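For reference, the chains in residue letters:
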Amino acid sequence: MNDQQLLQYYQHQQTQSGWFSLIHVMIESMVANVGEAQSRSFLVQMGDSLGERFPLALAHTVGQLEAQINARLAAFNWGYIDIDASETAIRIAHTALPVPPEEPKQMAWNHAFSAVLEGLYARWLREQGGKSHVSLWREASPSATVIHFRYQNNQ
């Protein structure tokens, strides 16, 4: 499959007509009305609340954590992650992010939805024993459907 075919496959699977359109319009309108900076903090909070509502069991290995997150993301139909852990950081590559079919709107959606995921992943990592002073942030986004996050102590 080429990238366009893969994107169309995921769009068909993940963007149920009506519900996805409603959420997309709500987030797009919020960003337009209050700006990206103010809406971002609200979207991070939404992700945190979602993580509270759908907690993960305590994982004893990085592999177990990755499997639990992927099971939850599969239930949400939000793609999947790969975790790369080192001595000093955890890198999360989220792939197959749901996106709207209109290409010009995909990167704006990527930025907004990554804020939700940032709150979600930060909550789940804190509940696994992470400390509140350890930061999780979005790194580069190589495409509309891929987001990289880093969880690292900056102190």
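The rules behind the values
Residues numbered from 1 in each chain as written. Predicted model: local features only at pLDDT ≥ 70, side-chain atom pairs only at ≥ 80, totals over all residues. Heavy atoms only, no water. Core = buried A, V, L, I, M, F, W, Y, C linked by side-chain atoms within 4.5 Å. Buried < 20%, exposed > 50% of the residue type's maximum accessible area, 1.4 Å probe, protein only. Helix = DSSP H or I, 4+ residues; strand = E, 2+ residues; numbered from the N terminus. Contact = heavy atoms within 4.5 Å.

### Quick look at the nonpolar core
Next, step 1: Core analysis: the largest hydrophobic core is formed by 33 residues, its most contacted members being Ile69, Ile92, Leu117, Tyr121 and Leu136.
Next, step 2: Within the residue set of this core, elements represented by two or more residues are α2 (19-34), α4 (62-76), β1 (80-85), β2 (89-95), α5 (103-127) and β4 (146-152).
Next, step 3: The biggest single contributor to this core is α5, with 11 residues.
Next, step 4: Residues in contact with Ile92, not counting those within four places in the same chain, are Ile81, Asp82, Ile83, Tyr121, Leu125, Leu136, Ile147, His148 and Phe149.

### Side note on unusual backbone geometry
Next, step 1: Despite not being glycine, Asn77 has its phi angle at roughly 65 degrees, a positive value.
Next, step 2: Its place among the elements puts Asn77 in the loop between α4 and β1.
Next, step 3: Residue Asn77 is classed as partly exposed on the basis of its relative accessible area, which comes to 31%.
Next, step 4: Not every positive phi belongs to a glycine, and Ala96 is a case in point at roughly 70 degrees.
Next, step 5: Relative to the helices and strands, Ala96 resides in the loop between β2 and α5.
Next, step 6: On the accessibility criterion, Ala96 (4% relative accessible area) is buried.

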